[in-house]
Amino acid sequence: MKRYVIPLCLGLAATLLTRAAVAAETRPPLVIPSVVVKTEPRAITVDDMTALRRIDSLSLSPDRRRYVISVRQGDPLANEYRLGWFIGDTSGGALTPVAQGGEARLAQEGPGGRVGGSIERQTARWSPDGQWIAYPSVRHGEVQLWRAKVDGSLQEQLTHNAADVREFAWSEDGSVLYFAAGTPRAELRALEEKKERGGYQYDDDLNFSGDLLLPQRERGWDKDRSVWVVTLADQRERLASDAENEAFKLAKARNAGGGGARLSVKAPQDAIFTVNRGDGAAAWLARGGDYSFRVNATISGNAASPVACVAQECAGFIEKLWWRGQEVLFFRREGSGGGETGIYAWSPTRNAVSTVLHTVDDFFWYCDQAAAQLICVRQTKARPAHVVAIDMRSGKIRELADVNPEFRNIRLGKVERFEWQTPQFPWLAPGQPLAGAYPERTFGYILYPPDFDPEKKYPVLVEPYSAVGFDNATNYELPLHVFAASGMVVLNTTFPTAINSGAARRGADSVKLKYSAELDFPHLTMYMESTLRALDVVAARGFVDERRVGIGGVSHGSFVPLYMVLKHDRLAAVSLSSPGWGQWEYYQATRAGRKASAAGYSDWMVKPEGAGLDFWKRIDLADNVDTIEAPILIQAAANEMSGQIRLMNHMAEAGKPYDAYVFAGETHIKWQPAHLRAIGIRNIDWFRFWLQSYEDPDPAKTAQYQRWRKLRELQELKAPRSATSPAALN
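Parameters and conventions
- Residues numbered from 1 in each chain as written.
- Predicted model: local features only at pLDDT ≥ 70, side-chain atom pairs only at ≥ 80, totals over all residues.
- Heavy atoms only, no water.
- Helix = DSSP H or I, 4+ residues; strand = E, 2+ residues; numbered from the N terminus.
- Contact = heavy atoms within 4.5 Å.
- Polar contact = N/O pair within 3.5 Å; in protein donor to acceptor, adjacent residues only side chain to side chain.
- Salt bridge = Lys/Arg side-chain N within 4 Å of Asp/Glu carboxyl O.
- Buried < 20%, exposed > 50% of the residue type's maximum accessible area, 1.4 Å probe, protein only.
- Pairing = 2+ DSSP bridges.
- Axes fitted to C-alpha atoms, helices over the stretch in contact; angles between N-to-C directions.
- pLDDT = per-residue confidence, 0-100.
- Parallel < 35°, antiparallel > 145°, perpendicular 65-115°, else oblique.
- Left-handed = near helix turned anticlockwise from the far one by under 90°.

(A) Spatial organisation of the overall build of the protein chain. Of regular secondary structure, the protein chain possesses 16 helices and 34 strands. The long-range fraction of contacts in the protein chain, counting pairs at least 24 apart against all pairs at least 6 apart in sequence, stands at 60%.

(B) A look at the side chain of Ser466. Within the fold, Ser466 resides in the loop between strand 29 (458-463) and helix 6 (480-485). A polar contact of 3.4 Å, which involves the side chain of Ser466, links it to the backbone nitrogen of Val468. With sequence-adjacent residues up to four places away left out, Ser466 is seen in contact with Asn472, Thr474, Asn475, Asn492, Thr493 and Thr494.

(C) View of the pattern of salt bridges. A complete count under the given rule lists 50 salt bridges for this structure. We note a salt bridge from Glu193 to Arg197, for which the minimum N-O separation is 3.0 Å. Placement of the pair is Glu193 and Arg197 together in helix 3 (residues 185-198), with a separation of four residues, close to one helical turn. Its relative accessible area of 40% is what places Glu193 among the partly exposed residues. We classify Arg197 as exposed; its relative accessible area is 70%. In this structure, the salt-bridge partner of Lys701 is Asp696, at a minimum N-O distance of 2.8 Å.

(D) Summary view of the sheet that holds strand 13 (residues 236-239). Spatial ordering of the open sheet is given by 10-11-12-13, a layout of four strands whose pairing is antiparallel. Bordering the open sheet on either side are strand 10 (163-170) and strand 13, each of which pairs with just one other strand. Neighbour-to-neighbour, the strand axes of the sheet open up by a mean angle of 30 degrees, direction not taken into account. Bridge count for strand 10 against strand 11 (residues 176-184) is six bridges, and the pairing is antiparallel. Bridged to Ala169 within strand 11 is Tyr178.

(E) A look at the sheet that holds strand 8 (residues 142-149). Ordered by their spatial adjacency, four strands build an open sheet running 6-7-8-9, and the pairing between neighbours is antiparallel. Edge positions in the sheet fall to strand 6 (125-126) and strand 9 (155-157), since each of these pairs with one other strand and no more. Judged from the three bridges that link them, strand 8 and strand 9 form a sheet pairing that is antiparallel. What sits directly across from Ala148, in strand 9, is Gln155.

(F) Local environment of the confidence of the model for the protein chain. The share of residues in the protein chain with pLDDT of 70 or more is 90%, and the mean pLDDT across the chain is 89. For residues 258-264, every residue scores under 50 in pLDDT, and the model assigns this stretch 14 contacts once sequence neighbours within four places are set aside.

(G) Seen up close, the packing of helix 14 (residues 673-692) against helix 15 (residues 702-718). The N-to-C vectors of helix 14 and helix 15 enclose an angle of 40 degrees; their axes lie 11 Å apart at closest approach. For the element pair helix 14 / helix 15, the angle class is oblique. Crossing geometry of helix 14 relative to helix 15 is assigned as right-handed. Residues Arg682, Asp685, Trp686, Phe689 and Trp690 of helix 14 touch helix 15, and the partners they reach there are Gln704, Tyr705, Trp708, Arg709, Leu711, Arg712 and Gln715.

And the structure:
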């Protein structure tokens, strides 16, 4: 892409240069077709999934009549993302493209600066008059503020700061934008170059041994922060005064839904979200545990005597609040595994709760209130992201905009939700160490082939992590609908993670309990046995061929299958993105990494010496390769490949079949479009080869299948029961 430079000049010259720079932008714009010609429905492909448009944010205009969304689309050929801003009307109608979004970059997560693979999600802010949106944009490694007219007629850069913009807000009259910036980029680059040339201090500069194999080094948050002002009349930047610093705080509260006025009521310190009605009334969420909150309010202006909603619906995993007249609306994740959505209205004066909406198959994000409706991004298991309006009186859902209209010409099979009872072990009984730590039920989805015949026996692909939405980060590498279109029954299951557990259960002592050898490793055992119960529930219906079961996933979606291979002989093929738990984990974290890790992460890891070796041998497949009956495909990020070496070497020595690929510049959750496409295609090929004895005739894959046929010969020699040659399937 052609690079352009905008000097730190002022006034009209800066504006003209900025507009010329926009014209010089050569990155192809993100386009959402307004018209899609209806055709005969076709099968879904990996390319459809890698080019899927995802909505990363949504915010409403001041008059609540319009919304702006940021849309992201992967381009595997260029190996980059296209980003764009689009505005829609809350009454419906076509989207208006208003600005390109610049470059995608990885988000840093947590104070340790973890780079996990999430794309940084930017949010636009509306000007008070509703005529502009302002948004941060990454271009040429800089994060600056830009603005665009809501009719799409102008897009221009506003700031040219020496440091990256970190947060921002409009002034109340819309004449200036406040923004916070960190350490100047030149200083950060100089420091990084000094470390690069002189060597990184292992225990201070790095979190993990593979940090320098990441696309960007994990580092703690930049704590430097200065507040600036850019005046829109002349686009001058200057440091903010004390009064402007205070105005920035109020503006941020206004952006967060707090109403913008100084609070006459101060919510308690444990409040995590406060909304003000404007007449002294306020509502907030009080902490009740890690993922549990309770709705509170005051209508007297006296926070010392709040009213707590005592109804069951008012406690749990509540994400957001709004005032609607005299009632507080709130959005709650609920049900088995948090897979259901409830929207409720609570009257603090009557202390009564009514249900607005309850749904089990719709997943909503970024909801905000517009008059008598909520505007949300919605996914279902059969529909990718789109924008909807939820009527707050009737609960009816109305589609406003579809960012993937091409999917109307794609034929998908039936999708069915199902639930199952999670196993109840002795350590879950009342009074026992992990009582209540896991839910009694969880859920998943069956994705059927489009031409499903209940009289047939189908191979099964299990993706055992999260069943939320059409797709999510846990299955980007496993295009589930493509597997179904290839003639497999797909089980997308949810691990039984308790969303309402008490805070004590997530501390260091709890993590030690969950990985207790004396309790037979409850965490891995629960996730593994719950997944197998889901398989059993579906297999009992009679259309599953239990000789042809494959499983794959990322992160815990790799840990659990590896543990399953160690404990059970029920799999015919496995695909892994991540290494499993093993003694290598004990050594990979630096002192800084152990300090930055979540509570208990490194505390349970026994040193692999003496009795500690026995601990690891009980969960590390590398020490139990004789139990392996299924061929294993490994597609790992370079920085995590060290965690696979013992397993691969031991499998090679034992004559066990595996194939492995390494991806440079990747993270724990892979993010590069070209890599995701290659991984998705290879996963389809791998499972079709082992579960269906199918080979893609594409000449470019000749070497791949020659290698895999040799693996199958090895498999037939070492584990004939698990071999899936055409003869074995008949």
